[in-house]
Amino acid sequence: TLHMAFNLFVAYDLDNPGQNYEAVHEKIKSLGPRYHAQQSLFYVHTGFNAQQAHQAVWSVMDTNDRLIVVDATSAVMTPALPDHVEAINTVWFDPA
């Protein structure tokens, strides 16, 4: 069956107590091909929409943490190093 692919940015802050980075990273990885853009920011190409991805990641977070999931159509990055751009393009064009 044909389904829509979404390009999502997932950003989070984990506050004390808890800070279970491994669980959050594993949940984000389970969404599909991804690029770990910055310390607490992932770009994910997935079949999940923003609401579904948010629910999935939030399920392993604490109530004092913060999470935002953004459906993106384009992005600009500085510095745009060739290996970073190649990594993002690899994820962007991967079938979800």
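Everything here concerns the structure above.
S.K.: Looking at this model, I keep getting lost on the overall build of the protein chain. Mind explaining?
M.R.: Broken down by element type, the protein chain carries 3 helices and 4 strands. Going from N to C terminus, the protein chain has its helices and strands arranged as β-α-β-β-α-β-α. Compactness check: the protein chain gives a C-alpha radius of gyration of 13 Å against a globular reference of 12 Å for 96 residues, within 12% of the reference. Principal-axis analysis of the C-alpha atoms places the extent of the protein chain at approximately 40 × 35 × 20 Å. Within the span of the protein chain, comprising 96 residues, buried residues form 27% of the whole. As displayed, the protein chain has an accessible area near 6100 Å², and 55% of this comes from carbon and sulfur atoms. Looking at charge distribution, the protein chain has the averaged site of its 4 positive side-chain charges lying 4 Å from that of its 10 negative ones.

S.K.: I'm lost on the pairing of strand E3 (residues 41-46) in this one. Help?
M.R.: Of all the 6 residues making up E3, 6 are buried; the element is thus mostly covered by neighbouring parts of the structure. Going residue by residue along E3, you find Leu 41, Tyr 43 and His 45 tucked away on one face and Phe 42, Val 44 and Thr 46 tucked away on the opposite face as well. Sheet topology places strand E2 (residues 34-38) next to E3; 4 bridges connect them, and they run antiparallel. Across the sheet, residue Arg 34 finds its bridge partner in E3, namely Val 44. Taken together, E2 and the strand that follows it, E3, pair antiparallel across an intervening segment of 2 residues.

S.K.: Honestly, the nonpolar core in this entry has me stumped. Any pointers?
M.R.: Looking at soluble globular proteins, one finds that nonpolar side chains tend to be buried together. Ranked by internal contacts, the top residues of the largest apolar core, which has 15 residues, are Tyr 12, Val 24, Ile 28, Val 57, Met 61 and Leu 67. Top element by residues in this core is strand E1 (residues 6-13). It accounts for 4 residues. Filtering out sequence-adjacent residues up to four positions away, Tyr 12 remains in contact with Tyr 21, Val 24, His 25, Ile 28, Gln 39, Ser 40, Phe 42, Met 61, Arg 66 and Leu 67.

Conventions and cut-offs
- Residues numbered from 1 in each chain as written.
- Predicted model: local features only at pLDDT ≥ 70, side-chain atom pairs only at ≥ 80, totals over all residues.
- Heavy atoms only, no water.
- Helix = DSSP H or I, 4+ residues; strand = E, 2+ residues; numbered from the N terminus.
- Rg over C-alpha atoms; globule rule 2.2 N^0.38 Å.
- Buried < 20%, exposed > 50% of the residue type's maximum accessible area, 1.4 Å probe, protein only.
- Areas by Shrake-Rupley, 256 points an atom, 1.4 Å probe, with all protein chains shown as cover.
- Lys, Arg positive; Asp, Glu negative; His and termini not counted.
- Charge placed at Lys NZ, Arg CZ, Asp CG, Glu CD.
- Pairing = 2+ DSSP bridges.
- Core = buried A, V, L, I, M, F, W, Y, C linked by side-chain atoms within 4.5 Å.
- Contact = heavy atoms within 4.5 Å.

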